[in-house]
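Residue-level structural notes
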Amino acid sequence: MKQSYLYLNELLKNKDIIIVGVSGGPDSMALLYLLKEIRKKIDISLVCSHVNHNVRSESAKEKEFLE
């Protein structure tokens, strides 16, 4: 996760607007977490967009959680 943080930190710059698709699964939640951490140091705007794949039984609960 540290490598992903370092990569994103280098990639993003002040005033960027990031739209991140989040399903509620561990991968997209980790990405959202990293972006929120980077936002503490770089002036970026985050837009969280829910993506419901309806593949796993947890999908409905994850949708509710994200709302």
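Higher on the page you've got the structure.
These remarks concern the structure in this document. (Residues numbered from 1 in each chain as written. Predicted model: local features only at pLDDT ≥ 70, side-chain atom pairs only at ≥ 80, totals over all residues. Heavy atoms only, no water.)

Some remarks on a nonpolar patch on the surface
Taken together, I17, I19 and V47 make up a surface patch of nonpolar side chains, about 320 Å² in accessible area. By relative accessible area, I19 is classed as exposed at 65%. (Patch = residues over 30% accessible without salt bridge, like charges linked within 9 Å, V, L, I, M, F, W, Y side chains within 5 Å. Areas by Shrake-Rupley, 256 points an atom, 1.4 Å probe, with all protein chains shown as cover. Salt bridge = Lys/Arg side-chain N within 4 Å of Asp/Glu carboxyl O. Buried < 20%, exposed > 50% of the residue type's maximum accessible area, 1.4 Å probe, protein only.)

Section: the pairing of strand 1 (residues 17–22)
Alternating positions in strand 1 separate cleanly, I18, V20 and V22 being buried on one face and I17, I19 and G21 remaining unburied on the opposite face. Judged from the six bridges that link them, strand 1 and strand 2 (residues 45–50) form a sheet pairing that is parallel. Residue pairing for strand 2: G21 is matched across the bridge by S49. Running through helix 2 (residues 26–39), the crossover from strand 1 to the neighbouring parallel element strand 2 is right-handed. (Helix = DSSP H or I, 4+ residues; strand = E, 2+ residues; numbered from the N terminus. Pairing = 2+ DSSP bridges. Right-handed = clockwise from strand over helix to strand, strands pointing away.)

Some details on the environment of M29
Position of M29 relative to the elements: it lies in helix 2. Judged by relative accessible area, M29 falls into the partly exposed class, the value being 25%. Taking the C-alpha atoms as reference, M29 lies 18 Å from I44; in sequence the two are 15 residues apart.

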